[in-house]
Amino acid sequence: SFTPEQLAAEIRKHLPGFRIRYQVDPARQAIADSWPRHMNDEAARAEWGWQAEYDLPAMVKDMLEQIELKLHKS
């Protein structure tokens, strides 16, 4: 998991001028606050050999590449 500030900092590594503004929606935040803080994936790792493919840097890199591709298709 990551915060909006951590996401913005990672995006800035690729787009130095990136700025973020957001406002927390209390109703949606209450829903998110009711979710578990962490997911325990030990059983999936042990039984299925599952492992995460993306960490925050890999996710941001892929996200920006996909946005770029979509922009060039238009």
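Rules and cut-offs
Residues numbered from 1 in each chain as written. Predicted model: local features only at pLDDT ≥ 70, side-chain atom pairs only at ≥ 80, totals over all residues. Heavy atoms only, no water. Helix = DSSP H or I, 4+ residues; strand = E, 2+ residues; numbered from the N terminus. Rg over C-alpha atoms; globule rule 2.2 N^0.38 Å. Buried < 20%, exposed > 50% of the residue type's maximum accessible area, 1.4 Å probe, protein only. Areas by Shrake-Rupley, 256 points an atom, 1.4 Å probe, with all protein chains shown as cover. Lys, Arg positive; Asp, Glu negative; His and termini not counted. Charge placed at Lys NZ, Arg CZ, Asp CG, Glu CD. Contact = heavy atoms within 4.5 Å. Salt bridge = Lys/Arg side-chain N within 4 Å of Asp/Glu carboxyl O.

Caption draft 1: Focus on the overall build of the protein chain. When helices and strands are tallied, the protein chain shows 4 helices and 0 strands. For the protein chain, the N- to C-terminal ordering of α and β elements is α-α-α-α. Relative to a compact globule of 74 residues, whose C-alpha radius of gyration would be 11 Å, the protein chain shows 16 Å and is clearly more extended. With respect to the principal axes defined by its C-alpha atoms, the protein chain has extents near 40 × 35 × 25 Å. Split into buried and exposed, the 74 residues of the protein chain put 9% on the buried side. For the protein chain, the exposed area adds up to about 7000 Å²; of that, 56% sits on carbon and sulfur atoms. If you average the places of the 10 positive and of the 12 negative side-chain charges in the protein chain, the two averages end up 10 Å apart.

Caption draft 2: Quick look at the side chain of E10. With respect to the helices and strands, E10 occurs in helix α1 (residues 4-12). Among residues more than four places away in sequence, those in contact with E10 are L56, P57 and V60.

Caption draft 3: Examining the pattern of salt bridges more closely. Within this structure, the stated rule accounts for 3 salt bridges. Among the ionic pairs, E10 bridges to K13, the shortest N-O distance being 3.0 Å. By relative accessible area, E10 is classed as buried at 9%. R45 serves as the salt-bridge partner of D41, at 2.9 Å between the closest nitrogen and oxygen. Residue R45 is classed as partly exposed on the basis of its relative accessible area, which comes to 39%.

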